[in-house]
Amino acid sequence: MIGFLRGKVAYLYTDCVLLDVHGVGYRVYLADSTRRKLRLHEETTLFTHMSVREDDITLYGFASEDEYALFQQLISVSGIGPKVALGILSSITVESLCRAIQNKQVTVLTKLPGIGKKSAERLVLELKDKLSFAHTTPDDEELFLETESEVGDDILSEAQAALRSLGYSDQEITPVLRKATKCKATEEAIKFALKQLSGF
């Protein structure tokens, strides 16, 4: 099992990095929070989880021990695999997720990608006594989907996914989609967001 990798960022993609470790390129999949900390041709250290399946071996990397530890806790919950866990960590901070679980905020958790009501209830039931909340503060920014608006959750989620596929980070997307309160369709929300992000 590979516990961590230290190497140079050779290539940086939307959802993964090719890390050059002594001439060997490791493809490591990342949450947005980790990806934002990486720079091309700079050396970095990533804590890693290696997922081994019958037809696939995948590495997931994290810039901090807290994020790595939370990922491990998430995938210990029945029905939550590495890809879903990574999507969760791309959508909410470690502190905000821990606080939502501690406070049993099922409605917040169900707005995370890949999480339905039953999964949210399992997260609370299985993790509320296992997570450390020492670093949480009331001022941490929550996932933008928590905010009440006229836009349906499906529209927000679809627009968010589309903007991610175009290379935008959640840090860029979040404040823009908060303003899209009057959009009634996904395409409208995306067009609105693109205008905001391009400065027009």
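What you see is a predicted model, and the numbers here were worked out from it, not measured in a lab. (Residues numbered from 1 in each chain as written. Predicted model: local features only at pLDDT ≥ 70, side-chain atom pairs only at ≥ 80, totals over all residues. Heavy atoms only, no water.)

1. Side note on the sheet that holds strand 3 (residues 24–30)
Ordered in space as 1-2-3-5-4, the five strands form a closed barrel in which the pairing is mixed. Taking each pair of neighbouring strands and ignoring which way they run, the sheet shows an average axis angle of 55°. Here strand 4 (residues 43–53) pairs with strand 5 (residues 56–62) via seven bridges, running antiparallel. Note on strand 5: the bridge partner recorded for Ser51 is Thr58. Sheet strands in contact with helix 2 (residues 65–75) are strand 4 and strand 5, and its direction is about 10° off that of strand 4. Contacts from helix 3 (residues 82–91) reach strand 3, strand 4 and strand 5 within the one sheet, and its direction differs from that of strand 5 by about 20°. (Pairing = 2+ DSSP bridges. Helix = DSSP H or I, 4+ residues; strand = E, 2+ residues; numbered from the N terminus. Axes fitted to C-alpha atoms, helices over the stretch in contact; angles between N-to-C directions. Contact = heavy atoms within 4.5 Å.)

2. Remarks on unusual backbone geometry
For His41, which is not glycine, the phi dihedral falls at a positive 70°. For His41, the position within the fold is in the loop between helix 1 (32–35) and strand 4. Taking relative accessible area as the criterion, His41 reaches 57% and is therefore assigned exposed. One non-glycine residue with positive phi stands out, namely Lys104, at about 55°. The exposed category is assigned to Lys104, whose relative accessible area is 51%. (Buried < 20%, exposed > 50% of the residue type's maximum accessible area, 1.4 Å probe, protein only.)

3. Describing the packing of helix 8 (residues 170–177) against helix 9 (residues 186–198)
Direction vectors running N to C along helix 8 and helix 9 enclose 115°, while the axes themselves pass 10 Å from each other. As the angle between them shows, helix 8 and helix 9 are arranged roughly perpendicular. Crossing angle aside, the handedness with which helix 8 passes helix 9 is right-handed. Here Glu172, Val176 and Leu177 of helix 8 come into contact with helix 9, specifically with Ala189, Phe192, Ala193, Gln196 and Leu197. (Parallel < 35°, antiparallel > 145°, perpendicular 65-115°, else oblique. Left-handed = near helix turned anticlockwise from the far one by under 90°.)

These figures capture arrangement, not role.
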